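# Residue-level structure breakdown
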Amino acid sequence: MARPGSALVTVLVLAGSILSITAAPQSPNAISREWANYNMQRQNLRIGTEDNGNNLRSVLDYSFTTPLRQIQGSQVYQAGNARFRRVVDDLQRGNPVTIVAIGGVATNGSDASNPGTNDFFALYVKYLRRAFPNARIEPVRSSAGIAPSAVVAQCLSSYIPRDADLVLLEMTANDAVGMDESLIDGHNAKAYELLMRGILEAEKQPALILTQSMVPGMGNGSTPFYLTPETPQYAALASYYGTPVVSMRNAVWRSGTPTNASGIISDAVLQEDGSTPTNAGHKSMADMLVYNTQRTAEDLALLPYGDYDTQSMAVQVPEKPVYGDVAAQPSVVLSNSTCEWVHDISGNSRQCPTQMDQMCNLDHANRDNMLRTYDERIETSPRSNRAALIGGVVGGVVGGLLLIGGLLAYCIISKKRHAQRVAAAAEAKAAARRKEVAAGQGVPITATTRPGF
Ligand SMILES: *[C@@H]1O[C@H](CO)[C@@H](O)[C@H](O)[C@H]1NC(C)=O
Ligand SMILES: *[C@@H]1O[C@H](CO)[C@@H](O)[C@H](O)[C@H]1NC(C)=O
Ligand SMILES: *[C@@H]1O[C@H](CO)[C@@H](O)[C@H](O)[C@H]1NC(C)=O
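Attention here is on the structure that accompanies the text.

About the thresholds
- Residues numbered from 1 in each chain as written.
- Chains lettered and ligands numbered in written order.
- Predicted model: local features only at pLDDT ≥ 70, side-chain atom pairs only at ≥ 80, totals over all residues.
- Heavy atoms only, no water.
- Pairing = 2+ DSSP bridges.
- Helix = DSSP H or I, 4+ residues; strand = E, 2+ residues; numbered from the N terminus.
- Axes fitted to C-alpha atoms, helices over the stretch in contact; angles between N-to-C directions.
- Near = heavy atom within 4 Å.
- Polar contact = N/O pair within 3.5 Å; in protein donor to acceptor, adjacent residues only side chain to side chain.
- Areas by Shrake-Rupley, 256 points an atom, 1.4 Å probe, with all protein chains shown as cover.
- Phe/Tyr/Trp six-rings, centres within 6.5 Å; stacked < 30°, edge-to-face > 60°.
- Buried < 20%, exposed > 50% of the residue type's maximum accessible area, 1.4 Å probe, protein only.
- Lys NZ or Arg CZ within 6 Å of the ring centre and 35° of its normal.
- Patch = residues over 30% accessible without salt bridge, like charges linked within 9 Å, V, L, I, M, F, W, Y side chains within 5 Å.
- Salt bridge = Lys/Arg side-chain N within 4 Å of Asp/Glu carboxyl O.
- Lys, Arg positive; Asp, Glu negative; His and termini not counted.
- Charge placed at Lys NZ, Arg CZ, Asp CG, Glu CD.
- Expected span 1.5 Å × (residues − 1).
- Disulfide = S-S within 2.5 Å.
- Parallel < 35°, antiparallel > 145°, perpendicular 65-115°, else oblique.
- Left-handed = near helix turned anticlockwise from the far one by under 90°.
- Contact = heavy atoms within 4.5 Å.
- Nonpolar A, V, L, I, M, F, W, Y, C, P; charged D, E, K, R; others polar.

### Observations regarding the sheet that holds strand β4 (residues 97-103)
The strand order across the open sheet built from six strands is β3-β8-β7-β6-β4-β5, with neighbouring strands paired in mixed fashion. In this open sheet, the two strands that pair with only one neighbour each are β3 (75-77) and β5 (137-143). Ignoring which end each strand starts from, the neighbouring axes of this sheet average 20° apart. When β4 meets β5, the two strands line up parallel, connected through seven bridges. In the strand pairing of β5, Ile102 is matched with Ser142.

### Considering the site of ligand 1
Neighbouring residues of ligand 1: Pro216, Gly217, Asn220, Ser222, Gln271, Glu272, Asp273 and Gly274. Between an oxygen atom of ligand 1 and a main-chain N or O atom of Asp273, the distance comes to 2.9 Å. Relative to its free-state accessible area of 360 Å², ligand 1 is covered by the protein chains to the extent of 45%.

### Some words on the packing of aromatic side chains
All told, the structure shown has nine aromatic pairs when counted by the stated rule. Taken together, a centroid distance of 5.5 Å and an interplanar angle of 80° make the contact between Tyr62 and Tyr127 edge-to-face. Note that Tyr62 is positioned in the loop between α3 (52-60) and α4 (68-74) and Tyr127 in helix α7 (residues 120-131), a separation of 65 residues in sequence. Using a relative accessible area of 13% as the deciding quantity, one classes Tyr62 as buried. Residue classification places Tyr127 among the buried residues on the basis of a relative accessible area of 2%. Over the aromatic face of Phe225 sits the side chain of Arg249, whose NZ or CZ is 3.7 Å from the ring centroid.

### Considering a negative patch on the surface
Among the surface-exposed residues, Asp180, Glu181, Asp185 and Asp344 lie close enough to one another that they form a single negatively charged patch. The greatest single-element share of the negative patch, amounting to three residues, is contributed by helix α10 (residues 179-185). Relative to the assigned elements, Asp180 resides in helix α10.

### As for the pattern of salt bridges
Here the structure, examined in full by the defined rule, presents 16 salt bridges. Residues Glu230 and Arg249 are paired through a salt bridge, measuring 3.7 Å at the closest nitrogen-oxygen approach. Linking Glu230 in the loop between β7 (207-212) and α12 (233-241) with Arg249 in helix α13 (residues 248-252), this pair joins segments that are 19 residues apart in sequence. Between Asp287 and Lys283 there is a salt bridge whose closest N-O contact spans 2.8 Å. Within this pair, Asp287 and its partner Lys283 are both found in helix α14 (residues 279-302), separated by four residues, close to a single helical turn. Taking relative accessible area as the criterion, Lys283 reaches 17% and is therefore assigned buried. Bridged by salt links that share partners, the residues Arg86, Asp90, Asp165 and Lys204 form one connected network.

### So, α7
Spacing of three or four residues puts side chains on the same side of an α-helix, whose turn is 3.6 residues. Spanning 12 residues, α7 covers 16 Å between terminal C-alpha atoms, matching the ideal 16 Å at 1.5 Å per step. The element α7 is largely enclosed, with a buried count of nine among its 12 residues. For α7, the full list of buried residues reads Phe120, Phe121, Ala122, Leu123, Tyr124, Val125, Tyr127, Leu128 and Ala131. Measuring from the side-chain oxygen of the N-cap residue of α7 to the backbone nitrogen of Phe121 gives 3.1 Å; that N-cap residue is Asp119.

### Section: the pairing of β4
The element β4 is extensively covered by neighbouring structure, given that seven of its seven residues are classed as buried. Neither face of β4 is open: one carries Val97, Ile99, Ala101 and Gly103, the other Thr98, Val100 and Ile102, and all of them are buried. Inspection of the sheet shows β4 paired to strand β6 (residues 166-170) by five bridges, in the parallel sense. Looking at β6, one finds that Ile99 is bridged to Leu166.

### Regarding the state of the cysteines
For the coordinates displayed, the defined rule picks out two disulfides. Disulfide pairing places Cys155 opposite Cys360 at an S-S distance of 2.1 Å. Disulfide Cys155-Cys360: the torsion about the S-S bond is -90°, which places it as left-handed. Pair noted here: Cys155 is in the loop between α8 (149-154) and β6 and Cys360 is in the loop between α17 (330-345) and α18 (367-377), with a separation of 205 residues, a long-range link. The exposure class of Cys360 is partly exposed, given its relative accessible area of 31%. Across a sulfur-sulfur distance of 1.8 Å, Cys339 and Cys352 are joined as a disulfide pair. Of the two residues, Cys339 sits in helix α17 while Cys352 sits in the loop between α17 and α18, which places them 13 residues apart along the sequence. Judged by its relative accessible area of 13%, Cys352 falls in the buried class.

### Details of a nonpolar patch on the surface
Taken together, the side chains of Leu302, Leu303 and Tyr308 make up a nonpolar region of the molecular surface, amounting to roughly 380 Å² of accessible area. By the element assignment, Leu303 lies in the loop between α14 and α15 (307-314).

### Brief notes about the packing of helix α11 (residues 187-200) against α17
Between α11 and α17, the shortest axis-to-axis distance is 9 Å and the interhelical angle comes to 130°. In terms of orientation, α11 and α17 fall into the oblique class. In this structure, α11 meets α17 at a crossing whose hand is left-handed. Contacts between α11 and α17 involve His187, Asn188, Lys190, Ala191 and Leu194 from the first element and Pro330, Val333, Leu334, Ser337 and Glu340 from the second. For the contact of α11 with α17, the class distribution of residues is five nonpolar, three polar and two charged.

### Structural notes on the side chain of Thr338
The topology assignment puts Thr338 in helix α17. Aside from chain neighbours lying at most four places away, what touches Thr338 is Ala150, Val151, Pro353, Met356 and Met359.

### Some points on the pairing of β7
The buried fraction of β7 amounts to six of the six residues, a majority that puts the element mostly inside the structure. Going residue by residue along β7, you find Ala207, Ile209 and Thr211 tucked away on one face and Leu208, Leu210 and Gln212 tucked away on the opposite face as well. Judged from the three bridges that link them, β7 and strand β8 (residues 245-247) form a sheet pairing that is parallel. Paired with Thr211 across the two strands is Val246, which belongs to β8.

Now the structure itself:
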């Protein structure tokens, strides 16, 4: 005869295991206990005759707040990692290292409560300075605002300084605008490939870490797990070029509250767009980058930087790209992708630019600024020019050529003056901010025009 108690125990055990699958995320205390145990075991590791703990004490000294398994899951791909092993080796040797973050709103950090201090890039740089106290670490924040990969690739020289050693590229949220079409014809992926190639071919063979943030709607229940360019397209490119990938989606998904429609509600991002990281989201992004750095340092303890790495570094970026067009018609790829983006962002109310380099002069901080500066500074496609011309001629015949011509000239001049004033004001503001930041310890908030670009 079964004892009544055992049935009760079975029920409780069953209920417990169901709870552990579906229920409440771990409490902050449970998360930090788990990390503490894990890190203690790592610190006690002995490799050969070396004492890993002593070697890596400062590297492993960091408080994670994202659950361990989620951070492990955020490490999507590591490849051979020669370039990042070179960077971490330099950090350990105390060599100077320039670290560049290129990306959208997350990279700008403007929605953290204290931009420049608790956004993911600032947190990561702060960790590196503590972990590698002998290295001179120079952070460069290159905010692309809402600009997509095509525009960043076109204007790359103003985003990446020549002495970049490590580039964190955070473009998925920006590129997700108009993504459904892109999944079929891949125009964003082609532009992203050009951007990756541009970075990988930079002077110092920088390490490139694809730092994938969450796309619009992903954290407010309106975009499912799979609908992001980070998979499959950008993951394919990472595999081809052997660049590490870390994923914020993976880091935070299981902490979110599931919705009926296979989405999540996550406090890691603002609910209004489901994408812009909050303080918690920035911390998760920092956590996944720190963990990647720690694992790379441990890997160096196992097998120090050496021949395998230098041989791997000597191999050039493959001449043949994943997408044929990327080699055959790079400028068409960029203008096609930019053109699509301009249509998407303006609700089809703007024509495509005729000169791609003019896109570099826009204020990409947000949609309104982008559209305003677009109207002020961009020459658009021939169709609209021709229409304007015909309109002008007809108008001239009817209303008197001189008068119209005069008005037109006046408009152009005042438009141009206005654009110059806007640009000058933006530069003055940026200069003031650079000065402010230079005085403190934080990480500058906007793209720097420092020597070396
Ligand atoms: C969720 O995010 C999407 C995409 O950014 C946005 O259009 C939508 O308004 C957001 N939903 C809510 C409830 O804020
Ligand atoms: C550019 O866009 C045109 C028109 O949509 C298309 O036919 C062409 O294949 C595209 N070219 C590339 C290189 O993407
Ligand atoms: C970056 O954030 C600052 C505020 O912290 C804002 O003034 C600036 O326009 C943003 N820049 C871009 C490119 O998004």
